[in-house]
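# Summary of the model geometry
What follows is the residue order along each chain.
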Amino acid sequence: MAFRGVSFPVVLYTALAVLSSVIITGSSADSCNPSPCLHGSCYQGPISLYKCVCHQGWIGDDCDQIAASTPGPCSPNPCLHGTCMSQGTNFTCTACQSGFTGPNCNQVVTSPDPCKPDPCVHGSCISNGSTSYCQCSQGYTGTTCATVTASVVTSPDPCKPDPCVHGSCFSSGSTSYCQCSQGYTGTTCATVTPSVVTSPDPCKPDPCVHGSCFSSGSTSYCQCSQGYTGTTCATVVTSPDPCKPDPCMHGSCLSSGSTFYCQCSQGYTGTTCATGTDPCSSNPCVNGVCYHSNNDFTCVCSKGFIGKTCSQKADQCSSSPCVHGTCFSGPNSHVCQCDPNYTGTNCDQHMDACSSHPCVHGMCSLSSSGYVCSCLSGFTGLNCDTPIGPCDSSPCRHGSCLSNGHDYVCQCQTGWTGKDCDVYMPTDPCYANPCVHGLCFSSSSSYFCKCPAGFTGQNCDQPDNPCIPDPCNGHGNCARSSGGSGYACTCFYGYTGLTCAAGFGGPGILSPGDCVVSPWGQWSAVAGFGSQDRQRVVVKQPSPGGKQCPPLSESRHTNQSCGPNCQATNLVSNFMTPTGLGSTGYGKLRDLLIILDSSGSIGPSDFDNAKTQLSRLVGMFCPTPDPFAGDHQKAALLVFDHGVDEIFDFDDMHDTNEVQAKIRSVFYHGGGTRTDFALEYARTHMLTATKGMRFRADVTQEILLITDGLSNVPAETLKEAYQLQQYAKVYALAIGVRTPDGQNEITNCASSPPSRHIFSIPGFDDLKTLVDEIQRQLQNTQCARFQY
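Residues numbered from 1 in each chain as written. Predicted model: local features only at pLDDT ≥ 70, side-chain atom pairs only at ≥ 80, totals over all residues. Heavy atoms only, no water.

## Brief notes about the packing of helix α5 (residues 675-686) against helix α6 (residues 714-724)
Packed helices, taken two at a time, are described by their axes: the angle between them and the distance between them. At a minimum axis distance of 8 Å, the contact between α5 and α6 shows a crossing angle of 25°. Between α5 and α6, the angle falls in the class roughly parallel. Both α5 and α6 take part in a crossing whose hand is left-handed. The residues of α6 that touch α5, namely those facing T675, D676, L679, E680, A682 and R683, are E716, T717, E720, A721, Q723 and L724. Of the residues in the contact of α5 with α6, the class split is 4 nonpolar, 3 polar and 5 charged. (Axes fitted to C-alpha atoms, helices over the stretch in contact; angles between N-to-C directions. Helix = DSSP H or I, 4+ residues; strand = E, 2+ residues; numbered from the N terminus. Parallel < 35°, antiparallel > 145°, perpendicular 65-115°, else oblique. Left-handed = near helix turned anticlockwise from the far one by under 90°. Contact = heavy atoms within 4.5 Å. Nonpolar A, V, L, I, M, F, W, Y, C, P; charged D, E, K, R; others polar.)

## Describing the environment of L718
Positionally, L718 belongs in helix α6. You can call L718 partly exposed: its relative accessible area is 31%. When the C-alpha atoms of L718 and T747 are compared, they prove to be 9.9 Å apart, with 29 residues separating the residues in sequence. (Buried < 20%, exposed > 50% of the residue type's maximum accessible area, 1.4 Å probe, protein only.)

## Some details on the sheet that holds strand β58 (residues 699-707)
Here we have 6 strands laid out as an open sheet, ordered β57-β56-β55-β58-β59-β60, and mixed in their pairing. Both edges of this open sheet fall to β57 (644-648) and β60 (758-761), since each of them pairs with a single strand only. Neighbour-to-neighbour, the strand axes of the sheet open up by a mean angle of 20°, direction not taken into account. As paired elements, β58 and strand β59 (residues 729-735) share 6 bridges and run parallel to each other. (Pairing = 2+ DSSP bridges.)

## Points about a nonpolar patch on the surface
A cluster of nonpolar residues, V289, Y291 and V300, forms a patch on the protein surface that exposes about 280 Å² of accessible area. Within the secondary structure, V300 sits in strand β28 (residues 296-301). Taking the relative accessible area as the measure of exposure, V300 reaches 46% and is therefore partly exposed. (Patch = residues over 30% accessible without salt bridge, like charges linked within 9 Å, V, L, I, M, F, W, Y side chains within 5 Å. Areas by Shrake-Rupley, 256 points an atom, 1.4 Å probe, with all protein chains shown as cover. Salt bridge = Lys/Arg side-chain N within 4 Å of Asp/Glu carboxyl O.)

This is the structure:
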């Protein structure tokens, strides 16, 4: 840090020496008596130390060494306010003092000096950027060194006023010493050394009244503070703003001293922007025709160009014209590169290679080469028309394989179970739940089953049916009597008696080879759109030449209503089926494809509500708490309006949280209602092994259609629904469907019987009530045991 031309350590040392002489009074140790400085001045320091300030030409701690006779590039110091470093015969100035810059540290930094004028009454001002502080002389204190300390005699400061013309003043008691700036010598630093031009400093005294003084040789100039002007910054700026009032009629005013100039808006010119111009005179429309309108211009662009000046090439693909393909923009038109199985100028014509059902025993999927067949178990070949031995692939991991038509049955080794004998079974003989219709009790290594009424056998798997063998002699329908242990015959026309053994002749008598069916069962509870159904079963299949079996189910429409709570009960019993068992006797496994309507008749808020409640519903399947983890349940999702979006397939999601989050993230579309497109896409693209569907005997393929009404092309929708029902069980959740046509279409879209496959609520506001009631009912129901 610089201190009036002297390095701060020297100043600090000198201050300590003076302080020592004041505080350590009566000390007999005076290091400067006699003076050890042979060619210089001695200054007493603390603890009997001293400091020598050598005369010119002498160096060393005691000023006893003659300086080199040949001066280097740094002697005398060419850096007026800095440190010189020699480099051969050249020099470099480094570490310029605060406030100075330039190759010789002789250019004053133009920022105002906070030490001008000097605020320190009895001390030295030291600047630090735009601030300053006072280093007080001995005996003074305070922010401006104006307060005399109590313990010091208030003798005058020998450095006030400053006797050093070109240097720094240091006091020692009542005497002072000048340390001269480079180029000056003498007691008061008033004598110019021979190598320095003797021109006086033009900034001493400072001529700038309100500003900073800067010198250049023998001349000076003032940089005035804001609000002042003149050669010595003594004149207050009083000139008016030339932009007030604003002289520019159509533009912005810019001032420069007492003058102004106008920056005109487009379409105007002149000193005050008062003259209108023709904006089309410069031909701004690069590829179009210019029209003058209200001092502005409008371009009518040529074909293929857009923008304010028709300088941008138009993107012919900006409207996404290629429905199923990639768009390439040309000068005046676009070209579509179609996806596989699509054609047409805009790739909007579907080429369905699967429409002829080429896969005899499998599912057809469109591919880049036409179609690909995913064969059912037991078949192979391009069209799945070649039978294969079901045991050829050795499917039984821990057991022996037995062919069963096109399927196989594994006889598992002890301790193993499952379709492929690949699931380890604990030693508890009841673990595999061998009692099909009863309770299992284990005893050591064996078990016994307690069968309910109506079943018998070691595993309660044989109907305890009083009608087998048929006591009605083939001439009537046998049913268990109301008491539960007997039977009752309902004789066919032409027969009578307890066992229908007596004939009385007449038309309609069944021959022994005809199909025999049971009486109709009870009508089901009201469901769906107010429908009921009932069933009957085949008692005896017809023999060759006999009459075929009549329909085994029938439905009827009632005027009764089934509210959200009633619909919730039907959903739990027929769709959620928490206690339902699969073909292996364990909990039901399903591959569930959800088809969600996103057409314009729904609206964004109702669509968001549907997503929220659907995400809740899928989390209520069995097994809890994570039905979609592992190899339990699997789900896929399609969203449709006038097009179809595949959101995820059966292999994409790995747990319930992922399924729910993906459902909630779906965007609303708001187009038409092409339900037929969605059903067709489900059949041709989703029900395939490549999409993760499991074609196993213990997994059911199910579809849940959620929609609010009639499709745009009902005939195509019914055609696609019929084909889809051949591959999967189709359920429908109808929301706000009230018209007969809409109810009829959804009834035909779902599988039969309607009472078990159609669920209906009045509107989207009832969705939450429906799901809340399903959740309440499931809380009291325990899931069936799952195999793994």
